[in-house]
Amino acid sequence: MNYDTRVLAPDGEALQLAARLFREGELVAFPTETVYGLGANALDAEAVLRIFQAKGRPADNPLIVHIWSEDQLGPLCEVTEAARRLMAAYWPGPLTLLLPKKAAVPDAVTAGLTSVGVRMPSHPVAREMLRVCGLPIAAPSANLSTRPSPTTAAHVYEDMNGRIPLILDGGACEVGVESTVLDMTGDIPTVLRPGAITPEMIAKVAGDARVADSVMRPLREGEAAPSPGMKHKHYAPKGRLTILKGKRENVVREIIRRYDESENAVILASTGNLPAYGDRRVMDMGPDLSAAAHSLFALLRQADDEGVARLYAEAVSDDGVGLAVMNRMARAAGFDIEEV
Ligand code: TXA
Ligand code: MG
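Please read these numbers as outputs of a predicted model, since none were measured by experiment.

Cut-off values and rules
- Residues numbered from 1 in each chain as written.
- Chains lettered and ligands numbered in written order.
- Predicted model: local features only at pLDDT ≥ 70, side-chain atom pairs only at ≥ 80, totals over all residues.
- Heavy atoms only, no water.
- Buried < 20%, exposed > 50% of the residue type's maximum accessible area, 1.4 Å probe, protein only.
- Helix = DSSP H or I, 4+ residues; strand = E, 2+ residues; numbered from the N terminus.
- Arc of directions from axis to C-beta.
- Contact = heavy atoms within 4.5 Å.
- Polar contact = N/O pair within 3.5 Å; in protein donor to acceptor, adjacent residues only side chain to side chain.
- Near = heavy atom within 4 Å.
- Areas by Shrake-Rupley, 256 points an atom, 1.4 Å probe, with all protein chains shown as cover.
- Nonpolar A, V, L, I, M, F, W, Y, C, P; charged D, E, K, R; others polar.
- Pairing = 2+ DSSP bridges.
- Axes fitted to C-alpha atoms, helices over the stretch in contact; angles between N-to-C directions.
- Salt bridge = Lys/Arg side-chain N within 4 Å of Asp/Glu carboxyl O.
- Parallel < 35°, antiparallel > 145°, perpendicular 65-115°, else oblique.
- Left-handed = near helix turned anticlockwise from the far one by under 90°.

J.: Which residues make up helix 2 (residues 45–55), and what are the values?
T.: Owing to its 3.6 residues per turn, the α-helix brings residues three or four apart onto one side. Those residues of helix 2 lying buried are Ala47, Val48, Ile51, Phe52, Ala54 and Lys55. Taken end-on, helix 2 shows its buried residues confined to a sector of 170°, consistent with a single buried face. Of the surrounding elements, those touching the buried residues of helix 2 are strand 3 (37–41), helix 4 (107–110), strand 7 (137–138) and helix 6 (153–160). Put simply, Asp44 is the residue that caps the front of helix 2, since its side-chain oxygen is 3.1 Å from the backbone nitrogen of Glu46. Positive phi shows up at Gly56, right after helix 2, with a value of about 70°.

J.: Describe the site of ligand 1, with residues and values.
T.: The environment of ligand 1 is made up of 25 residues, and the closest members are Thr34, Arg57, Asn61, His66 and Ser179. Side-chain polar atom of Asn61 to an oxygen atom of ligand 1: 2.6 Å apart, as the coordinates give it. Interatomic distance of 2.9 Å between a side-chain N/O atom of Arg119 and an oxygen atom of ligand 1. For ligand 1, the protein covers 98% of the area, taking 680 Å² as the surface of the free molecule. At the level of elements, strand 4 (64–66) and strand 6 (115–119) are the ones that each hand at least two residues to the shell around ligand 1. Across the shell around ligand 1, the residue classes break down as 12 nonpolar, nine polar and four charged.

J.: An account of the sheet that holds strand 12 (residues 240–245) is requested, with residue identities and associated values reported.
T.: Taken in spatial order, the five strands make up an open sheet running 14-13-15-12-16, and their pairing is parallel. In this open sheet, the two edge strands, each paired with only one partner strand, are strand 14 (282–284) and strand 16 (337–339). The sheet shows a mean angle of 25° between the axes of neighbouring strands, taken without regard to direction. Sitting on the sheet, helix 8 (residues 248–261) touches strand 12, strand 13 (265–269), strand 15 (310–314) and strand 16, and the angle it makes with strand 15 is about 175°. In this fold helix 10 (residues 322–332) packs onto strand 12, strand 15 and strand 16, with an angle of close to 135° to the strand it touches most, strand 12.

J.: How would you explain the pairing of strand 12 if you had to name every residue and give the values?
T.: Two strands pair when backbone bridges link them, and strand 12 and strand 15 are joined in this way by five bridges, in the parallel orientation. Bridged to Leu244 within strand 15 is Glu314. One ladder, built from three bridges, connects strand 12 with strand 16; its direction is parallel. Across the sheet, Leu244 pairs through a bridge with Glu338, a residue of strand 16.

J.: Please give an account of the pattern of salt bridges that cites residues and values.
T.: The final tally for this structure, using the stated rule, is 21 salt bridges. Glu24 is the salt-bridge partner of Arg20, the closest N and O atoms lying 3.6 Å from each other. With a shortest N-O distance of 2.8 Å, Arg258 and Glu338 are connected by a salt bridge. Linking Arg258 in helix 8 with Glu338 in strand 16, this pair joins segments that are 80 residues apart in sequence. Via salt bridges that share partners, Arg147, Glu158, Asp159, Arg301 and Asp304 belong to a single interconnected network.

J.: Tell me about the packing of helix 3 (residues 81–90) against helix 7 (residues 199–206), and name the residues and values.
T.: In the contact formed by helix 3 and helix 7, the axes pass within 9 Å of each other and the chain directions differ by 120°. The angle between helix 3 and helix 7 falls in the class oblique. Here helix 3 and helix 7 pass one another in a crossing that is right-handed. On helix 7, the residues touching Arg85, Leu86, Ala89 and Tyr90 of helix 3 are Met201, Ile202, Val205 and Ala206. Tallied by class, residues from the contact of helix 3 with helix 7 come to seven nonpolar, no polar and one charged.

J.: How would you explain unusual backbone geometry if you had to name every residue and give the values?
T.: The omega torsion of the bond from Trp91 to Pro92 falls at -10°, within 30 degrees of zero and hence cis. Structurally, Pro92 is set in the loop between helix 3 and strand 5 (95–100). With a phi angle near 55°, Asn264 is a residue other than glycine that sits in the positive phi range. The exposure class of Asn264 is partly exposed, given its relative accessible area of 36%.

Purely geometric stuff here, so don't read any function into it on its own.
Take a look at the structure:
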């Protein structure tokens, strides 16, 4: 791992280069509508192992396989009727379906599990890249393991400079939190990781949906993780993060009290609450839940860049994409969430 990492605008020539690198077993980072991915040919076990090396990712955490056409699914997985309906409704888009895996998918991709995650991203650069290379591409988020997921090419460069040959720069990711991971292997579709495709949206098409109860709490001692990614430390900023939850005036008062007792602290607040914090150091999470999803990881990285030691964040509503925001914030905080 000692590459002269290139960051290129995703023109025709850059996409041809990406396709060539994938065929040679190399890694390419690329934009999706959720976060940047770190891709390799999903059918090349050696290439897939390079992803784990470049990220410092534990080998027991499986990868999502990205496709641009449903025609690519045949050799990858069994497709159920309910899965077909969800694909018709929400693909291309930020929904990953866990389906029974077929033999062509190397164990390195699924960490030995019998299911494989498949997703068709909607970002035009991801789609064009997948079409031009013609391969299914295994890709986790393009961050170093435990760091917040990257939502710009600059974030990817920060983590992957020297570790990979190419980053395709497609600007900032629209959604900002990773895709919904939906387990389709049981009786009821089960959300293992919330995202922009909400349980309500899934139930509308599949008739029913549940949310794994591990989504909003830490795993108990010895408990098996339904999705291996949930047991690993994730998204963590270098400073310590606490989330305050409750009535608006209580949250604001309590954050101010703690901020004023802390050194080198920052407050993560919604736009409407900014004036309440006066001239304290505040980061704006935006006016609504979509904006919070879009900005969260970038703000956590900014706090790291600025050497922030202590972070206090307002909880957001867990409606809609808010559940995804709270799920990522809770993990970034090591579940340090207090009701006030
Ligand atoms: O939006 C996204 O999904 C982004 C972009 C690049 O597509 N990718 C992404 O990948 O977030 P990653 O590897 O950072 O997260 C994948 C999550 C992990 O929590 C992993 O444990 C879970 O999906 N996962 C993948 N395959 C699984 C499987 N077969 N069974 C259970 N969980 C699985
Ligand atoms: Mg990740």
